[in-house]
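# Working through the structure, step by step
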Amino acid sequence: MKSYITKNTLNEKKNAVRIETDFYRVPKELFRSERYRELNPNAKIIYIELLDRVGLSIKNGWKDEKGRYYVKLSKESVPKVLGISSKTFDRCKGPLIDHGLIEIRKINSRVHHIYVSLPRESATRTGDYDMFLHELPDF
């Protein structure tokens, strides 16, 4: 049975939908800023997964001498989790590094520490949320 959003699914105190499953939190800047517009969807999905894994790093205390948390990964783990090829993962790392969203430190041939940064707010946005609402087509 489908779970449509109704008054019963709302948390009235937070004015938000109650979700009974795990979900990703995504910085809106990643999709609304001109700065990140050229990132392809696979790069954004990889970034979202890495950002999500920072929570595990915090829980496990994986941080460097400067107090920066990092994600511990083998080269094969992210492609496997996301269902993408290793080639796609390798191709997307460069643009994520170039945009300042990740930094990679190679520990050995199989393990890397990936530092994940939050997107920087852009002076030029693609538009406000209210503008998007008015541009939606009728269904």
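We now turn to the structure provided with this report. (Residues numbered from 1 in each chain as written. Predicted model: local features only at pLDDT ≥ 70, side-chain atom pairs only at ≥ 80, totals over all residues. Heavy atoms only, no water.)

A separate point is helix α4 (residues 86-98). The terminal C-alpha atoms of α4 lie 19 Å apart, and with 13 residues this matches the ideal 18 Å at 1.5 Å per residue to within 8%. If you follow the buried residues of α4, they end up packed against α2 (41-60), α3 (77-82) and β4 (102-106). Once α4 ends, the next one or two residues include G100, with phi positive near 75°. (Helix = DSSP H or I, 4+ residues; strand = E, 2+ residues; numbered from the N terminus. Expected span 1.5 Å × (residues − 1). Contact = heavy atoms within 4.5 Å.)

Moving on: the packing of α2 against α4. Two numbers describe how α2 lies on α4: the axes approach to 9 Å, and their chain directions differ by 85°. Taken together, α2 and α4 sit at an angle that is classed as roughly perpendicular. Listed contacts from α4 to N42, A43, I46 and Y47 of α2 are T88, F89, C92 and L96. When grouped by side-chain class, the residues that make up the contact of α2 with α4 number six nonpolar, two polar and no charged. (Axes fitted to C-alpha atoms, helices over the stretch in contact; angles between N-to-C directions. Parallel < 35°, antiparallel > 145°, perpendicular 65-115°, else oblique. Nonpolar A, V, L, I, M, F, W, Y, C, P; charged D, E, K, R; others polar.)

It is worth spelling out a nonpolar patch on the surface at this point. Together, Y24, V26 and F31 make up an exposed nonpolar region whose accessible area comes to about 280 Å². Following the sequence through the fold, Y24 ends up in the loop between β2 (16-17) and α1 (29-32). Judged by its relative accessible area of 43%, Y24 falls in the partly exposed class. (Patch = residues over 30% accessible without salt bridge, like charges linked within 9 Å, V, L, I, M, F, W, Y side chains within 5 Å. Areas by Shrake-Rupley, 256 points an atom, 1.4 Å probe, with all protein chains shown as cover. Salt bridge = Lys/Arg side-chain N within 4 Å of Asp/Glu carboxyl O. Buried < 20%, exposed > 50% of the residue type's maximum accessible area, 1.4 Å probe, protein only.)

Looking now at the pattern of salt bridges. Evaluated as defined, the whole model comprises six salt bridges. We note a salt bridge from R68 to D64, for which the minimum N-O separation is 3.1 Å. Take R68: its relative accessible area is 27%, and that puts it in the partly exposed class. With a relative accessible area of 12%, D64 lands in the buried category. Where E103 meets R68, a salt bridge forms, and the shortest distance between an N and an O atom there is 3.9 Å.

In this section: the environment of I84. By secondary structure assignment, the location of I84 is in the loop between α3 and α4. Sequence spacing of I84 and N42 is 42 residues, and the spatial spacing of their C-alpha atoms is 8.5 Å. The residues contacting I84, other than those within four sequence positions of it, are N42, I46, P79 and F89.

Let us look at the pairing of strand β3 (residues 71-74). Residues V71 and L73 of β3 are buried on one face, while the alternating residues K72 and S74, pointing to the opposite face, are not. Sheet topology places β3 next to strand β5 (residues 111-116); four bridges connect them, and they run antiparallel. Within β5, the residue paired with S74 across the bridge is V111. (Pairing = 2+ DSSP bridges.)

Once that is clear, we can look at the nonpolar core. Across soluble globular proteins, nonpolar side chains have a tendency to be buried as a group. In terms of nonpolar packing, the biggest core is built from 20 residues, with Y47, L50, L96 and V116 touching the most fellow members. Mapped by element, the contributors of at least two residues to this core are α2, β3, α4 and β5. Tallying contributions element by element places α2 first for this core, with seven residues. Those residues in contact with V116 that sit more than four places away from it in its chain are Y47, L50, L51, V54, V71 and L101. (Core = buried A, V, L, I, M, F, W, Y, C linked by side-chain atoms within 4.5 Å.)

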